[in-house]
Amino acid sequence: MAGACLQGIGRRHDALLVALFAAGRADARGDDRHVGADDLADGGGFLCRADDAAHAGGERLFSAAVRSSNDAIITKSLDGIITGWNEAAERLFGYRAEEAIGQNINLIVPEDRRPEVMGILRDVSSGHTIENHETVRVAKSGRLIDISLSVSPVRSENGTTIGAAKVARDITEQKISAEKFRLAVDASPKGLIMVDANGRMILVNDETERLFGYSRDELLGNQVDMLLPVELRGIHAKLRANYAAHPSSRRMGAGQELMGQRQNGDRFPLEIGLNP
């Protein structure tokens, strides 16, 4: 019988076990069952009936890992019906496993996000994996939750995609912290710019936009050298490389007059402080 069962165990590259089972199974009475908390606790024998003790032990370990995960792990069929729901999903969304299993995944999806879910299911049906997709879901209480999703296809033994396994992580606090940081940066009376190792701007504040006459969209992703007079940009690139090799908090060009250049070509004196 082992060769006839559907293979629902999957592994991600980060070693997190994510897949449960996507299509249910027929038990000895012939009725279809879905993954629930009791199934996860029982472990061996749910994904398939196997005589091999080592295989059964592996299933128990797998089920225990899913059950104890701090991330919400949900499986669903390709038409969006929830087939698996671990304890972390219960805590995150407020629905018990017996309330969620058998329902459409739209149970936790705001109406304006439902086309997004259909697109994800289409991608997964084609064998694609979705990584760290930030979106919004809704709890039983009606509270909107910012989450990061990773969704992987669940395949049968012959390689056919039979469902989707989703790992959801609550990033609400992370979003709140990021927003507080953004507000603090924008409230600064001085222009603030953050650049990556390649000199591309990844954060600017309102004062930077006002000083240089560019919109945020025009600045982000572009080289910070664009804010300098043309004849200084090559030199500045070398100075950036030297600073990256020996970072410290200090004033840039102490004792020298530094110039910036606005979008309209006007030049103006600058004082620049550097922080790694």
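Heads up: the structure comes first, above all this text.
Residues numbered from 1 in each chain as written. Predicted model: local features only at pLDDT ≥ 70, side-chain atom pairs only at ≥ 80, totals over all residues. Heavy atoms only, no water.

## Quick notes on the overall build of the protein chain
The number of helices and strands found in the protein chain is nine helices and 13 strands. Counting over 276 residues, the protein chain shows a buried share of 41%. For the protein chain, contacts bridging at least 24 residues in sequence account for 43% of all contacts bridging at least 6. (Helix = DSSP H or I, 4+ residues; strand = E, 2+ residues; numbered from the N terminus. Buried < 20%, exposed > 50% of the residue type's maximum accessible area, 1.4 Å probe, protein only. Contact = heavy atoms within 4.5 Å.)

## Regarding the pairing of strand β3 (residues 72-77)
Within β3, six of the six residues are buried, leaving the element largely enclosed by the surrounding structure. The side-chain alternation of β3 yields two buried faces, one formed by Ala72, Ile74 and Lys76 and the other by Ile73, Thr75 and Ser77. One ladder, built from six bridges, connects β3 with strand β7 (residues 161-170); its direction is antiparallel. Its bridge partner being in β7, Ser77 is matched across the sheet by Gly163. Summarising the sheet, β3 and strand β4 (residues 82-85) pair through three bridges and their orientation is antiparallel. Within β4, the position partnered with Ile74 by the bridge is Trp85. Between the end of β3 and the start of β4, which pair antiparallel, lie four residues, with Gly80 showing a positive phi angle near 90°. (Pairing = 2+ DSSP bridges.)

## So, unusual backbone geometry
Positive phi, close to 50°, is recorded for Asn132, a residue that is not glycine. Examined against the element boundaries, Asn132 turns out to sit in strand β5 (residues 130-138).

## Observations regarding the environment of Thr208
Mapped onto the elements of the fold, Thr208 is located in helix α7 (residues 206-212). For the pair Thr208 and Ile193, spaced 15 residues apart in sequence, the C-alpha separation works out to 7.4 Å. Each residue touching Thr208, except ones within four places of it in the same chain, is listed here: Gly191, Leu192, Ile193 and Leu219. Reaching out from Thr208, the side chain makes a polar contact with the side chain of Asn205 at a distance of 2.7 Å. (Polar contact = N/O pair within 3.5 Å; in protein donor to acceptor, adjacent residues only side chain to side chain.)

## A closer look at the layout of surface pockets
By volume, the largest pocket amounts to about 1500 Å³. Of all elements in the fold, only α6 (172-187), β8 (193-195), α7, α9 (233-245), β10 (250-251), β11 (258-261), β12 (267-270) and β13 (273-274) reach the threshold of two or more residues within the lining of the largest pocket. Here the element with the most residues in the lining of the largest pocket is α9; it accounts for seven residues. (1 Å grid on protein atoms, 1.4 Å probe; cavity = no way out; pocket = protein on both sides within 12 Å on 5 of 7 lines; lining within 4 Å. Points joined across faces, edges and corners; volume = space filled by probe spheres on them.)

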